Amino acid sequence: MKNIAYAKSFERLWQSEAEAENKLYNKLFCIAFLLCNPAASIGFYLANDPFYLTLLYTHCISSSLIAVLLLLHYKKVITGQQMSFITQIMLICFYTYLLAQPHRSYAQSCLNLTLGIIFTGLILRWPVRYALASSLLSIILYPAAIYFLGEPSALKMFFAEGGVFLLLAQFLFPFVMKVSVGKDKREFYYRYNLQEQNVELEKQKTIAENATKAKSDFLSMMSHEIRTPLNGIVGIVHIMMDEDQNSKNRNELLTTLKFSSDHLMAVVNDVLDFSKINADHIQLDEFAFDPGLLFENLRKTFVPRTDEKKIDLIFDIDSRLPSHIISDSVRLNQVITNLIHNAIKFTETGYVKFVVREITRDDKTVRLHFSVEDTGIGIPVEEQPTIFESFTQVRQEDSENKGTGLGLAISKELLLLFKSDIYLESEPGKGSVFSFEIQFPYLEEEVTVKPVPLKKIMTAIAFPQAKVLVADDNKINVTLATMLLKRKNILFEVAQNGKEAYELFLQGGFNLILMDLRMPVMDGFESTALIRKIDQDIPIIALTASAFGDEKDRVHASGFTGYLTKPFIPEDFYAYIFPFLGVQTAKVS
């Protein structure tokens, strides 16, 4: 197997691991020789060998010293490996002394020493240098002691009665130890690397889960914070339009305001569904529309903002455009709106110019060139490659132009659906030009637009004595809901939070509860849970600005009767609550 280059940090960890893993075996090694060495003299005694007395006395001394080493290890003066190594070196010295003594036979001694080295190789995991030192001492001292301190003929008897096998075992001992330790070290290395990878993967998983949760929380909060004021805008616009039909200018302004609020809601939904765009979950909804009318509505939308900033807004539309083109007007409107909005935001003097030109036309399709030009701050060359990335804006010091940084990214992704791309020309301090081209199917003949039937409005013809509890901490939402209830002479009470709602409910007399989900003190979920412990039948309608499916699932699982998403128009509001109030209704066109 190929050698592995271990890092110093791993070597230190391995030493610690080896010490911990072999702690028991080091103790077992010492205890085994502490007990077995003196017991070995029994064999000599049974063989009537007078050498047993020398063996017994010597090993009693060695066992006492081993006991001292065990005590030092217990006191943490020496490590387990140091204890077993010192024991081995000490025993070699005692064995050398014993081998130098006169023997009737070396067979028993050689057998005992061979078994000892085999036992050592099986249970211990030493560094190779320990094993090498032990073997070298044994190979040198054992024959030398017999030859120089004993009788010369004794050496021949030693080799004949097992000394060769003993020395061969000692020679092989370092190699066996190297293989065993290397195997254990590699296994630990692979486990260590696997654990590190698992830890790293767990970290990455946690990061990804946290990022996903943060994204979900951000989008949910963004939905709530944006939809809540829009609810007031949309609702109040409808009320004012219903109550005042005599003022032409007023209705024109309200119509423009309604168009802006409806469009803003579409843009908000697209921003919140940006992940769907990236995942190819959004498709173009193509139908015939008048491009001139679309561009005129766009112009009216931005006139108040450009007038406020005292810059010129120029719409230069080619007069040769077809009367109707077939495409997704909402998505096209969103792309153009994002570009014009950005241009106005970053332009303090001069103008913002929107240009539409017909490039080519055949019998079925027309190719149009769109461009948005401004005299704003411009974009540095080094930032232009990343300007279409998500959450990216031009860096400005002391700039008040805040935003999500999604506008250009969304525009680029939407243009891909139109099989187009967006191009940028810009110079810092002079302005920017964003442009794109799209090929549309078109119709020159007059398009017969089916008259849109008036929405059938749910109108009450009989009012029982109904009373509604409105629980919402937002004054705009409370004003809208209570105004709608007043128009139908429906009684109501208002709670500022979930706790007040629960306390008012306990007083009794309510036929319906309109419950906002996000409130201080106690939210709508907690309040509903308390109410459901007392009354399982009273209708509780969740009012929420969140458009996410998981919150709808939570609402249905939390005891709510229904779910009404903000913003809503009066007709939808009445159509939803009347059946719960037991109001007899009629639909009028």
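Everything numeric here is computed off the predicted structure, so don't read it as measured data.

Rules used in this analysis
- Residues numbered from 1 in each chain as written.
- Predicted model: local features only at pLDDT ≥ 70, side-chain atom pairs only at ≥ 80, totals over all residues.
- Heavy atoms only, no water.
- Helix = DSSP H or I, 4+ residues; strand = E, 2+ residues; numbered from the N terminus.
- Buried < 20%, exposed > 50% of the residue type's maximum accessible area, 1.4 Å probe, protein only.
- Contact = heavy atoms within 4.5 Å.
- Areas by Shrake-Rupley, 256 points an atom, 1.4 Å probe, with all protein chains shown as cover.
- Salt bridge = Lys/Arg side-chain N within 4 Å of Asp/Glu carboxyl O.
- Polar contact = N/O pair within 3.5 Å; in protein donor to acceptor, adjacent residues only side chain to side chain.
- Expected span 1.5 Å × (residues − 1).
- Pairing = 2+ DSSP bridges.
- Axes fitted to C-alpha atoms, helices over the stretch in contact; angles between N-to-C directions.
- Patch = residues over 30% accessible without salt bridge, like charges linked within 9 Å, V, L, I, M, F, W, Y side chains within 5 Å.
- Parallel < 35°, antiparallel > 145°, perpendicular 65-115°, else oblique.
- Left-handed = near helix turned anticlockwise from the far one by under 90°.
- Nonpolar A, V, L, I, M, F, W, Y, C, P; charged D, E, K, R; others polar.

## Describing the overall build of the protein chain
Point 1. Each helix and strand counted, the protein chain has 18 helices and 14 strands in total.
Point 2. The buried share of the protein chain, reckoned over its 589 residues, is 43%.
Point 3. In the protein chain, 73% of the contacts between residues at least 6 apart in sequence involve partners at least 24 apart.
Point 4. Total accessible area on the protein chain is roughly 32,100 Å²; 58% of this is exposed by carbon and sulfur atoms.

## Let's talk about the pattern of salt bridges
Point 1. All chains considered together, the criterion is met by 13 salt bridges.
Point 2. Here Lys412 and Asp421 are joined by a salt bridge, their closest N and O atoms 3.0 Å apart.
Point 3. Taking the relative accessible area as the measure of exposure, Lys412 reaches 25% and is therefore partly exposed.
Point 4. Its salt-bridge partner being Glu493, residue Lys467 comes within 3.7 Å of it at the nearest N-O pair. With a gap of 26 residues between them, Lys467 in strand E9 (residues 467-471) and Glu493 in strand E10 (residues 491-495) connect regions that are remote in the sequence.

## Some remarks on the side chain of Ser426
Point 1. In this fold, Ser426 is placed in strand E6 (residues 423-427).
Point 2. Assessed through its relative accessible area of 17%, Ser426 is described here as buried.
Point 3. Polar contacts involving the side chain of Ser426 include one to the main-chain carbonyl oxygen of Gly431, which spans 3.1 Å.
Point 4. Not counting residues within four places of it along the chain, the set of residues in contact with Ser426 comprises Gly378, Ile379, Gln384, Gly431 and Ser432.

## Quick word on helix H2 (residues 23-39)
Point 1. For H2, which comprises 17 residues, the first-to-last C-alpha distance of 25 Å matches the rise-based estimate of 24 Å (1.5 Å per residue) to within 8%.
Point 2. The secondary structure elements touched by the buried residues of H2 are helix H3 (41-46), helix H4 (51-74), helix H5 (80-99) and helix H6 (107-123).

## Description of the sheet that holds strand E13 (residues 562-565)
Point 1. Spatially, the five strands line up as an open sheet ordered E10-E9-E11-E12-E13, and their pairing is parallel. Strand pairing shows two members of the sheet lacking a second neighbour, E10 and E13, which therefore form its edges. The sheet shows a mean angle of 20° between the axes of neighbouring strands, direction not considered.
Point 2. Alignment of strand E11 (residues 512-516) against strand E12 (residues 540-544), held across four bridges, turns out to be parallel. By the bridge assignment for E12, Ile513 is matched with Ile540.
Point 3. Packed onto the sheet, helix H16 (residues 524-534) meets E11 and E12 and runs at close to 150° relative to E11.

## What to know about a nonpolar patch on the surface
Point 1. There is a patch of nonpolar side chains on the surface, built from Leu168, Phe171, Leu172, Phe175 and Val176 and spanning about 480 Å² of accessible area.
Point 2. Inspection of the secondary structure assignment puts Phe175 in helix H8 (residues 152-243).

## As for the packing of helix H11 (residues 291-309) against helix H12 (residues 329-345)
What describes two packed helices is the angle between their axes and the distance between those same axes.
Point 1. It is at 11 Å that the axes of H11 and H12 come closest, and there the two elements cross at 20°. Classified by the angle between their axes, H11 and H12 sit roughly parallel to one another. Our pair here, H11 against H12, has a crossing hand that is right-handed. Facing Leu294, Phe295, Leu298, Phe302, Arg305, Thr306 and Lys309 of H11, the residues of H12 in contact are Ser329, Leu332, Asn333, Ile336, Thr337, Ile340, His341, Ile344 and Lys345.
Point 2. Tallied by class, residues from the contact of H11 with H12 come to eight nonpolar, five polar and three charged.

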